[in-house]
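In case you want the letters, here they are:
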Amino acid sequence: MKALGTCGGELFSSALLLRVSVLALTSVVSFYLGKHWSDDSSALSRIFFFNGPNEAVSSVALSPNANLVTNVSSLISNDTSEILADASPSLEAAPPPPPPLTERIGVVDENGTMRADFDFDADLGGDFDEAGDENETSDGGGAAEERVRVRIEKFEPCPEAMSEHIPCLDNEEEIKKLNSTERGERFERHCPARESVGLFGSCSEGYRSPIHGLRAETRGQNWISKDKDKFKFPGGGTQFIHGADQYLDQISKMVPEIAFGNRTRVALDVGCGVASFGAFLLSRNVITLSIAPKDVHENQIQFALERGVPAMVAAFATHRLLYPSQAFDLIHCSRCRINWTRDDGILLLEVNRLLRAGGYFVWAAQPVYKHEESQQEAWKEMEDLTARICWQLVKKEGYIAIWQKPLNNSCYFSRDSGIQPALCDADDLNSVWYVNLKACISQLPDNGYGANIPAWPGRLYEPPQRLQEVDMDASIAKNELFKAELRYWNDIIDGYIRIFHWKELKLRNVMDMRAGFGGFAAGLIDQQFDCWVMNVVPTSGPNTLPVIYDRGLIGVTHDWCEPFDTYPRTYDLLHAFGLLSKEQKRCNISVILLEMDRILRPGGIVYIRDSKFIMDDIQAVTKAMGWRNDLRDTAEGPYASRKILMCQKPMIEDYTVTSFLENHSKSMLVVMT
C-alpha cells in the first residue's frame with residue numbers, strides 16, 4: 001500500500017507538471033501570436049485583447065504609425081507632402097472621435113409633412129440654407145478643402161474723410177459716369193468693385209456714445225439747433241405746425257378706420273425730416289420705417305437713427321425700393337418734395353405696389369390747400385392719377401388728403417379700355433434687387449393674400465397666408481415651421497437674458513442679418529425689449545420678407561456681398577445666424593465682417609451663431625479689426641455643428657471701457673448712458 005501510494009503521488013506530480021508546462025507554453029505562444037497579428041489585423045488582435053464583448057483593454061503593441069505626426073493643414077489643402085516624421089513616439093492616447101453628424105434630409109418627409117424628429121437648430125439651420133456647411137466635416141472633406149485661409153495682421157483705420165461714407169451711395173466715380181441724373185439716379189446704389197470694398201477698418205475717430213432716451217426728448221419736434229456738443233430739436237416747426245402729437249390725432253379723427261396700433265401697424269414715412277412722425281407713432285404701437293435720400297439734407301436719416309427711430313437711406317428714383325409688395329399699412333408724405341405725377345405717375349405706382357390692399361396714403365402738401373394756379377393744377381393732376389389707379393379719396397381737410405387703395409382688382413377690371421396706366425403683366429412683385437420701376441398698376445392676388453391681416457398684436461403670432469408662397473423645403477409644414485421658429489428664438493433669447501444679462505444692455509437699434517421669418521425680432525418683442533429690429537433677408541436665400549411685414553415687423557432685401565445703405569455707427573447689436581457660412585460661397589467673408597464693423601457703433605456687440613468649421617476664419621478677421629472675441633459652445637455641447645461667437649467693438653477713445661465679454665451686466669450701461 002505504501003509503494004502504491006508513493007507511485008500514485010509521483011504519477012500525480014508528473015501529470016501536474018505536464019499540465020503546467022503545456023499551459024505556460026500556450027500562454028507564451030498566444031502572446032507572441034497576438035503581438036505578431038496585431039500589426040496586420042485589428043480584427044485578430046481584438047480576439048486576444050478584449051475581456052468582453054463591449055470592454056476594450058489597451059494594447060501593449062505600438063502602432064506602426066506611432067512615430068508619425070500629421071500636419072492638419074496639409075489635410076485641408078490636400079497636400080500630403082507636409083506629413084512630418086517625429087523621432088520621439090507619442091504615447092498619449094488619442095481623444096475619442098465626435099459622434100457622427102445626423103444625416104439631414106429636409107424639414108419635411110416625402111409626404112410634405114413635418115418630420116417627427118424635427119430640430120430647429122439642426123434642420124432649419126441646415127436645409128433652410130441649402131445645407132450650409134454640411135459638406136465641411138472634421139476630416140477635412142468637402143467645402144473645407146477648398147477654402148484658403150489668409151493670415152490677417154491688422155486693418156488700418158479709414159481716412160477721416162470717410163467717417164460718414166456710405167460706399168454704394170457716395171461712389172462719385174460711378175455717379176460721374178451716369179448719362180442722366182434728372183430722375184434722381186445719383187441717389188441710387190452705385191457700388192464700387194468688390195475687390196475695393198472694405199479696405200479699411202473702423203471710422204470712429206471722435207465718436208461719442210448716443211444719449212439714451214433721445215427719441216423721447218425730441219419727438220413732436222422737427223428741426224435742429226446745436227448747443228455746445230449736443231443737438232436740440234427746439235420747436236413745433238415747419239413739418240407739423242402744431243406738433244406731431246396733434247398731427248396724428250387729426251389723421252385719426254379724419255379716418256378713424258386707420259386705427260393706429262391696431263389695424264395700422266407698419267408705416268412708411270417718405271422724406272422723413274428727422275423722423276418725428278415715426279418717433280411719435282412708436283408710442284402708439286406703430287413701427288414706421290423712415291426713408292430719405294442722401295441729398296442736400298443728407299444728415300436727416302443719421303439724426304433719425306441717433307434718436308433710435310427705424311430709418312434707412314432710400315430714394316424714389318428709377319428702381320424699386322427694397323421692400324416687398326403690400327408691405328405697409330400706411331404710407332405718409334409730408335412735404336417730401338416728390339413729384340408723384342411725373343412720367344405717367346411711375347413713382348405713385350411704386351407707392352401703390354408697396355401699399356397693402358385697403359391701406360392708406362396720407363399726403364400733406366401745398367397743392368392740397370393752396371389756391372395759386374400752379375398748386376391747383378398740381379392738385380388736379382394728383383386727383384386724376386389717383387382716380388385712374390382706383391384710389392378713393394376718403395378725406396381732405398386743411399393741408400391733409402387721405403386716399404385708400406382698393407381691396408381687390410374689381411375696379412381695375414371695370415375701367416374703360418385704353419385708360420392708362422395699364423395693368424402690369426404677370427410679374428414677381430416681390431423681386432426688387434436692382435429691378436427697374438414700371439409704369440403700370442400692380443395687380444392684387446386673386447386669392448386675397450396680403451389683404452386679410454389680423455389686427456396687432458395677433459398678426460405677430462398668426463402664420464400669414466403669404467407664408468405658403470415662400471419657396472422652400474416645406475409645404476404642409478410651413479405653418480408649423482413658422483411657429484417652431486418663434487419658440488426656438490424665444491428659448492435662445494431667454495438664455496441670453498439669464499446668462500449674458502441682455503436686459504441690462506439698453507439696446508435700441510438692432511439688426512438681424514439673416515432674419516428667416518422674423519422670429520428673432522418677435523422674440524425680442526415677447527421679452528419686452530425696448531428696441532426695434534431691421535430684419536434683413538439676403539438675396540441668396542428664400543424671400544421671406546412678405547411674411548415679415550405681414551406679421552407687423554419691418555425689414556429689407558439685401559445682398560451681403562455689397563455694402564448696406566446706412567450710415568456708419570448705426571446699430572447697437574448685429575445678430576447673424578448661419579449667414580457667413582452661407583455667403584462664403586459667394587464672396588469673401590472679410591468684406592461682410594468689415595461692413596459689419598462700419599455699421600456697428602463703438603461699444604456695440606455682435607452675436608454670430610454659425611458653423612464651427614468657419615469660426616477660425618471669422619476670428620482671424622474680427623481680431624484684425626480689434627474686436628474682443630469670446631467663442632462659446634451652444635446648448636447642444638462641444639460636438640454640436642454650430643458655435644456662438646460673441647464680439648464687442650471697442651470704444652476708440654477709451655479702451656478701458658468695461659468689456660461686454662468680461663462683464664456682461666455692466667458694459668452697455670457704460671456705453672449707452
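See the structure printed just above.
Conventions adopted
- Starting from 1, residues in each chain are numbered consecutively following that chain's sequence as written.
- Local features in this predicted model are restricted to residues whose pLDDT is 70 or higher, and side-chain atom pairs enter the listing and the counts only when it is 80 or higher, whereas totals over whole chains, interfaces and linings include all residues.
- To obtain the side-chain values, all non-hydrogen atoms of the structure were used and water was disregarded.
- Under the DSSP-based scheme used, a helix requires at least four consecutive residues in state H or I and a strand at least two consecutive residues in state E, with every element numbered from the N terminus.
- Partly exposed residues are those whose accessible area sits between 20% and 50% of the maximum for their type, while under 20% is buried and over 50% is exposed, using a 1.4 Å probe and protein chains only.
- Any pair of residues with heavy atoms lying within 4.5 Å of one another is described as a contacting pair.
- In these tables, accessible area is a Shrake-Rupley quantity obtained with a 1.4 Å probe, and a residue counts as shielded only by the protein chains included in the view.
- What makes a salt bridge here is a side-chain nitrogen of Lys or Arg within 4 Å of a carboxyl oxygen of Asp or Glu, nothing more.
- Side-chain rings of Phe, Tyr and Trp, where Trp is taken by its six-membered ring, are said to pair if the distance between their centres is within 6.5 Å; with planes under 30 degrees apart they count as stacked, over 60 as edge-to-face, and otherwise as tilted.
- Any Lys NZ or Arg CZ found within 6 Å of a ring centre and within 35 degrees of that ring's normal is scored as a charge over the ring.
- Two strands pair under a simple rule: DSSP has to find at least two bridges between them.
- With axes taken as lines fitted to C-alpha atoms, and helix axes fitted only over the stretch in contact, angles between N-to-C directions fall between 0 and 180 degrees.
- Given the number of residues in a helix, its expected span is that number minus one, multiplied by 1.5 Å.
- We call a crossover right-handed when, viewed with the strands running away from us, the connection from the first strand over the helix to the second turns clockwise.

(A) Layout of the overall build of the chain. Counting its regular elements, the chain contains 21 helices and 18 strands. Taking all 673 residues of the chain together, the buried fraction comes to 51%. Counted over contacts in the chain with a minimum sequence separation of 6, partners at least 24 positions apart contribute 68%. For the chain, the exposed surface amounts to about 32300 Å²; the carbon and sulfur share of it is 53%.

(B) Expanded view of the pattern of salt bridges. Across all of its chains, the model carries 28 salt bridges by this definition. The shortest N-O distance in the salt bridge between arginine 459 and aspartate 329 comes to 3.1 Å. A residue pair is termed long-range when its members are at least 10 positions apart, and arginine 459 in the loop between α14 (410–413) and α15 (478–500) and aspartate 329 in strand β8 (residues 328–334) qualify at 130 residues. Taking relative accessible area as the criterion, arginine 459 reaches 1% and is therefore assigned buried. Close ionic contact of glutamate 595 with arginine 598 constitutes a salt bridge, the shortest N to O distance being 2.8 Å. You can see glutamate 595 and its partner arginine 598 sitting in helix α19 (residues 589–599), three residues apart, about one turn around the helix. Here glutamate 595 matches arginine 598 in class, with each residue buried. In the salt-bridge network here, residues are joined through shared partners; they are Asp329, Arg356, Arg459, Arg466 and Asp550.

(C) Local environment of the side chain of threonine 557. By secondary structure assignment, the location of threonine 557 is in strand β14 (residues 555–558). The buried category is assigned to threonine 557, whose relative accessible area is 9%. If near-sequence neighbours (up to four positions away) are discounted, threonine 557 is found in contact with Leu322, Val432, Trp433, Val537, Thr539 and Leu545.

(D) Structural context of the packing of aromatic side chains. Taken as a whole and assessed by the stated rule, the structure comprises 27 aromatic pairs. Relative to tryptophan 391, the ring of phenylalanine 361 has its centre 5.5 Å away and its plane inclined at 45 degrees; by these criteria the two rings are tilted. Of this pair, phenylalanine 361 sits in strand β9 (residues 355–364) while tryptophan 391 sits in the loop between α13 (373–388) and β10 (392–397), and the two are 30 residues apart along the sequence. Seen from the ring of phenylalanine 529, lysine 503 lies directly overhead, with NZ or CZ sitting 5.4 Å from the centre.

(E) Molecular detail of the sheet that holds β8. The seven strands are arranged β7-β6-β5-β8-β9-β11-β10 in an open sheet whose pairing can be described as mixed. Only two strands of the sheet have a single partner each, and these edge strands are β7 (311–313) and β10. The sheet shows a mean angle of 20 degrees between the axes of neighbouring strands, taken without regard to direction. In the sheet, β9 pairs with strand β11 (residues 400–404) via five bridges, with the strands oriented antiparallel. For valine 362, the partnering residue across the bridge sits in β11 and is isoleucine 402. In the packing of helix α8 (residues 244–254) onto the sheet, contacts are made with β8, β9, β10 and β11, and the angle to β11 comes to roughly 50 degrees. Contacting β9, β10 and β11, α13 runs over the sheet at an angle of about 15 degrees to β11.

(F) Up close: α15. Here α15 spans 32 Å end to end across 23 residues, near enough to the 33 Å set by a 1.5 Å rise per residue. Histidine 501 sits one or two residues past α15 and shows a positive phi near 60 degrees.

(G) Geometry of the pairing of strand β13 (residues 532–538). By the criterion of burial, β13 is predominantly enclosed, with seven of the seven residues buried. Both faces of β13 are covered, namely the face carrying Trp532, Met534, Val536 and Pro538 and the face carrying Val533, Asn535 and Val537. Handedness of the β-α-β unit built from strand β12 (residues 509–512), helix α16 (residues 519–526) and β13 comes out right-handed. The β-α-β motif built from β13, the intervening helix α17 (residues 545–550) and the parallel element β14 has right-handed crossover chirality.

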